[in-house]
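Notes for the structure review
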Amino acid sequence: MARIIGGLTTSHIPAVGNAIARGLQDQPYWRPFFDAYPPIRDWLAQHKPDVAINIYNDHGLGFFLDKMPTFAIGTAHEYRNEDEGWGIPQLGPFAGDARLSWHIVEGMVADEFDITTCQELAVDHGFTVPMQLFWPGAPDNPDMPRAIPISANTVQHPIPTLKRALDFGKSLRRALLSYPEDIKVVILGTGGLSHQLDGQRAGFINSDFDRMCMEKIVDEPESLTKISRMELVEKAGSQGTEFLMWMMMRGALGPKVHAISQNYHIPVSNTGAGTMLLECGT
Amino acid sequence: MTKKTIPGTTIFDGEMAMKGYALNKMCYSFNSAAAREAYLADPEGYMRRFGLNDAQKQACRDRDVLAMIKAGGNIYYLAKFAGIYHLNMQDIGAQQTGLTVEAFKEKLKKAGE
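The paragraphs below set out a description of the structure included in this document. (Residues numbered from 1 in each chain as written. Chains lettered and ligands numbered in written order. Predicted model: local features only at pLDDT ≥ 70, side-chain atom pairs only at ≥ 80, totals over all residues. Heavy atoms only, no water.)

As a further point, take the pattern of salt bridges. One pass over the structure, following the stated rule, counts 17 salt bridges over all chains. A salt bridge links B:R36 to A:D83, with the shortest nitrogen-to-oxygen separation between them at 2.9 Å. Of this pair, B:R36 sits in helix α3 (residues 33–41) while A:D83 sits in the loop between β4 (78–79) and β5 (94–95), on two different chains. Look at B:R36 and you get buried, because its relative accessible area is 16%. With a relative accessible area of 23%, A:D83 lands in the partly exposed category. (Salt bridge = Lys/Arg side-chain N within 4 Å of Asp/Glu carboxyl O. Helix = DSSP H or I, 4+ residues; strand = E, 2+ residues; numbered from the N terminus. Buried < 20%, exposed > 50% of the residue type's maximum accessible area, 1.4 Å probe, protein only.)

Once that is clear, we can look at the packing of helix α7 (residues 207–219) of chain A against helix α10 (residues 243–251) of chain A. Residue and element names in this part refer to chain A. Between α7 and α10, whose axes approach to 10 Å, the crossing angle comes to 15 degrees. When the axes of α7 and α10 are compared, the pair comes out roughly parallel. Crossing hand, α7 versus α10: right-handed. When α7 is examined against α10, the residues C213, M214, I217 and V218 are found in contact with a partner set consisting of F243, W246, M247 and R250. Looking at the contact of α7 with α10, its residues break down into seven nonpolar, no polar and one charged. (Axes fitted to C-alpha atoms, helices over the stretch in contact; angles between N-to-C directions. Parallel < 35°, antiparallel > 145°, perpendicular 65-115°, else oblique. Left-handed = near helix turned anticlockwise from the far one by under 90°. Contact = heavy atoms within 4.5 Å. Nonpolar A, V, L, I, M, F, W, Y, C, P; charged D, E, K, R; others polar.)

Okay, the interface of chain A and chain B next. Opposite the 37 residues of chain A that make contact, chain B presents 40 residues. Here chain A meets chain B over a buried area of about 3300 Å², counting both sides, of which 60% is carbon and sulfur. When the area that chain A buries against chain B is broken down by residue, the three leading residues are A:F64, A:L197 and A:Q200, summing to 17%. Between the two partners, chain A and chain B, sit one salt bridge. Across the chain A-chain B interface, the total number found is 18 residue pairs in polar contact (both at pLDDT 80 or more). Sorting the residues of the side of chain A that touches chain B by element identifies α9 (229–236) and β9 (257–268) of chain A as the ones contributing at least two each. The element that contributes the greatest number of residues to the side of chain A that touches chain B is α9(A), accounting for three residues. Taken together, the residues of the side of chain A that touches chain B sort by class into 14 nonpolar, 16 polar and seven charged. (Buried area = accessible area lost by both parts, 1.4 Å probe. Polar contact = N/O pair within 3.5 Å; in protein donor to acceptor, adjacent residues only side chain to side chain.)

Residue and element names in this part refer to chain A. Within the open sheet, the eight strands sit side by side as β6-β3-β7-β2-β8-β1-β10-β9. Their pairing is mixed. The outermost strands of the open sheet, each flanked by one partner alone, are β6 (116–118) and β9. Here the strands of the sheet are splayed against their neighbours by 20 degrees on average, with no regard to which way each runs. Alignment of β9 against strand β10 (residues 271–280), held across nine bridges, turns out to be antiparallel. (Pairing = 2+ DSSP bridges.)

What follows is the structure in structure tokens.
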């Protein structure tokens, strides 16, 4: 039976990908951010998950406004990282686990979560930067798990509610736990925390709100579902809505988790950066 | 239903998605290096090919991010437009808030103190 061993959260800012490419991890600006990752890598080295489900939001590489799925899952054998137009060096392809993807799809659609399936999906920095942070050298790290991308729409409103995001995770959990193979799965929730890139309010960061979210998501994720989507935009910034990915991740971990590691740092580029390792309770 | 307004913030909803479709579609094309080169070689022709309206064209000519947003631009696609000119999110943030890039970075740093 598949076992969910824990959840990882991280910001997925493109500037982080650039800093990695240029080897800036030890510079004073970057160090307080990168210092959060070695303890999580140690945990991963110890537990060696077989599969990483990477819940992120596409930023206009895999999807465009012509067809915009609210929730989409990769069902491919591999995922390519492609040119995003401005940025960070492209990585090699990430190996998928198509059989598990289709099992999740079967389970979630039967559970009335009608998710869009993608046999081809170009993955952007939202997917690749977290992989590089947790598995340095990704995708060529020897411990690199097979990867399944799940993307939620935060590009255009209406975006999913926080309750729907948490419920998504719960449904994902049910699907995973019914997988007959003995595999260990780790769930990534990437993006956030507070930031706003657009408008006269660009540069908005709200550390009080971010810290509250990081505290509540451990033991009281249900309480966060009371936050409306407009309240989330107001308090976390337009792109702080990426916190939905954290809620999806959290739903998949089950009721009891232990916060093994956490870090919060401002600013990384325009963002309040949150990093957490939540281990599933037994 | 009345929409809630948040100062300095445009909610990119269905209305904006329809308004900005041509502009965003053009910016989405800039994922490809060939498209970026084609735009730089002939911006007017490229904008015409994607059917941008006058406000969208002028905003692109001026590289004016607030005007692009007003014309329906979505920041995720506009970032690809900015990339053509090697502008990053701090440059764009400074432009939209009327600050120098240094002052904008300082403002971000202060948020953590």
